[in-house]
Each structure stands twice: as C-alpha cells, then as structure tokens.
Amino acid sequence: MIFQGLYNILDLYFNNIEMFYNNINNHIQDKIINSFGNGTIDKNQILSQIGYDDNYEPSAKIQSLVDDYIDNYHNLIESSYSYVIRDIKAVRGNQTSIEDIISLESSVLARLLEKCDKVAIFALTIGSHLEEMVAYLAENVMVLQATVLDAIGSGAAEQLASSVEESIKKLVSPRGLVISRRFSPGYCDWDVSQQEMIFKAIEKKTVDIHLTEEYLMIPRKSISGIIGIGSNHAIEDYNPCNTCLKADCPGRRI
Ligand code: SF4
C-alpha cells in the first residue's frame, strides 16, 4: 500500500510536469519524428528500468509517453559500428596476446579465449542525438521524459550490439565456427582501462567514438568489447557467472 501511494504521487507529479511542458514536448516530438533510424524496444523493460514493476500498472499517461517515445526514438539514432577479426596468438595465465597488436588482461577472458582461435573486437554507438535530447529534457525539468528516453537509448545500444553479434555469427558460421557471448571492458576482472586495447585493435578512426582519459566512451550510448570465435562448441556456452560467487553483481548473466 505504501508503494502504491508513492506511485500515485509520482504519477500525479509526472502528469503535472507533462501538462506544464506540453508545448515543449510537442516541439521535441517534432524533432524526434524528423530524424532517422530503426528498431524495436521492449516496453516492459523500459517501464522496469524507470521503476515500475509487475505489481504496479503505470498510469495511461505514462504508458502513452513510453509508447510515443518507443515509436519515435529511432529518429534520434545514428548507428555506426566497427569490428575486426584477429588471430589469438597466445594465452598465458590471465594474459591473451592478439596477434602482435594488443594484450588483454583478464582471467575470465583468458579461460574463454584459450578455447578460441580468433576474436572479433568491436565498438558501436547509437550516436549523440538521443543523449543531447535527454540533456535538453533534463535541463527543462522534464525528468520523466529524460529518464524514459535515456532508458530507451540504453536499450537501443544493446539492440545494436545484438545485431553486430548476429552479423559476426553469420559471417563465421558457414566456416563451421561458433561465437561466444560478448564481453566488455569493466565487467568481471577485465579493467575498464583495457578500452585502450580495444580502440588500438580496431583503429579508432573507423568508428565515431571518442575515448576520454577516464576510458569513458563519447557518445555515452556506445558499447565496445570482444567476442570469441572458434570451432569448439564449448565457447558458445561459456558463462563465468555460472561459477562466480559475486551474488550481488549487476552484470550477472543467466
Ligand atoms: S557474476 Fe558474472 S559478470 Fe558478475 S563478476 Fe561474476 S562472472 Fe563477472
């Protein structure tokens, strides 16, 4: 009951904000509709990300806002991606040498890559338009709209990553090869500073992402990482989370 009351207050607050900024919102909708892009986003996932769960039905206005943004977000997307396929030269301890170009440091990765022959190294982005719109909404105190659009942007980047993964799979499968799950710097024991290795391997000029000194990618809605490739089918199922004891890890995969 306490939570339901809280959600009712939130709905009322968001509805008032929405009405107050109705004109601005119409302007934003126009901008969204006039851009370009493609894709489908899971509405329940967005509602869950902004704080609604199975026990509470959002108001019709919030449902309508999420529906509108899901219908039109792709107009703010300018996707680009780049990947290279390199040979794995050697795996020793937690170090994996990729040709003579880079060295990856992570035992979680090394246990995967010792079963692989090659690795696909990728970077992708949905561009900066969506996050610029999120910043604009936030600056104009349209908190719900900014939160919804930001969540949709994260979903869109994940969706693009899945498409890139699928394209790599299609490329290698006619040769009897399989691919692993995606791994990105910052997960498990793979330090985020290893972003440098990813960008060195793909030659960062091939995709429009800037890496800051703190190893953050700009635009923010970008994903980089690696996918193992080989003939050993065990790499398809490799999931370090199955044996990891870090129970509260937000990145845990099923
Ligand atoms: S739960 Fe999975 S993602 Fe999290 S640290 Fe363990 S192996 Fe890595």
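Cut-off values and rules
Residues numbered from 1 in each chain as written. Predicted model: local features only at pLDDT ≥ 70, side-chain atom pairs only at ≥ 80, totals over all residues. Helix = DSSP H or I, 4+ residues; strand = E, 2+ residues; numbered from the N terminus. Buried ≥ 20, exposed ≤ 12 C-beta atoms within 10 Å, placed from the backbone. Contact = placed C-beta atoms within 7 Å. Core = buried A, V, L, I, M, F, W, Y, C linked by C-beta atoms within 7 Å. Domains from an automatic or database assignment. Axes fitted to C-alpha atoms, helices over the stretch in contact; angles between N-to-C directions. Parallel < 35°, antiparallel > 145°, perpendicular 65-115°, else oblique. Left-handed = near helix turned anticlockwise from the far one by under 90°. Nonpolar A, V, L, I, M, F, W, Y, C, P; charged D, E, K, R; others polar. Pairing = 2+ DSSP bridges.

(A) Focus on the overall build of the chain. Helix and strand counts for the chain stand at nine helices and eight strands. Buried positions account for 33% of the 254 residues belonging to the chain. Sequence separation of 24 or more characterises 76% of the internal contacts of the chain that already satisfy a separation of 6 or more.

(B) Local environment of the nonpolar core. Core analysis: the largest hydrophobic core is formed by 56 residues, its most contacted members being Y73, V119, I121, V148, L149 and I152. Looking at this core, the element that brings in the most residues is helix α7 (residues 143-172), giving ten residues. Both domains that meet at this core, namely domain 1 (2-77) and domain 2 (80-130 + 155-242), each give it at least three residues. Those residues within four positions of V148 in sequence are excluded, and the remaining contacts are I46, I50, L65, V66 and Y69.

(C) Quick look at the packing of helix α6 (residues 129-139) against α7. Put simply, α6 and α7 touch, their axes get as near as 8 Å, and they point 165° apart. With respect to α7, the element α6 is oriented roughly antiparallel. Viewed along their axes, α6 and α7 form a crossing whose handedness is left-handed. Across the interface between the two elements, L130, E131, M133, V134, L137 and A138 from α6 touch V143, Q145, A146, L149, D150 and G153 from α7. Each residue belonging to the contact of α6 with α7 can be placed in one class, and the counts come to eight nonpolar, two polar and two charged.

(D) Spatial organisation of the sheet that holds strand β2 (residues 95-98). The sheet built from six strands is open, its strands ordered β3-β2-β1-β4-β8-β5 with antiparallel pairing. Edge positions in the sheet fall to β3 (102-105) and β5 (178-183), since each of these pairs with one other strand and no more. On average, adjacent strands in this sheet sit at an angle of 35° to one another, irrespective of strand direction. Here β2 runs beside β3; their pairing, made up of four bridges, is antiparallel.

(E) Main features of helix α8 (residues 195-202). Counting buried residues along α8, six of its eight residues qualify, which places the element largely inside the surrounding structure. Three or more residues of α8 are buried, namely Q195, M197, I198, F199, A201 and I202. E203 sits one or two residues past α8 and shows a positive phi near 55°.

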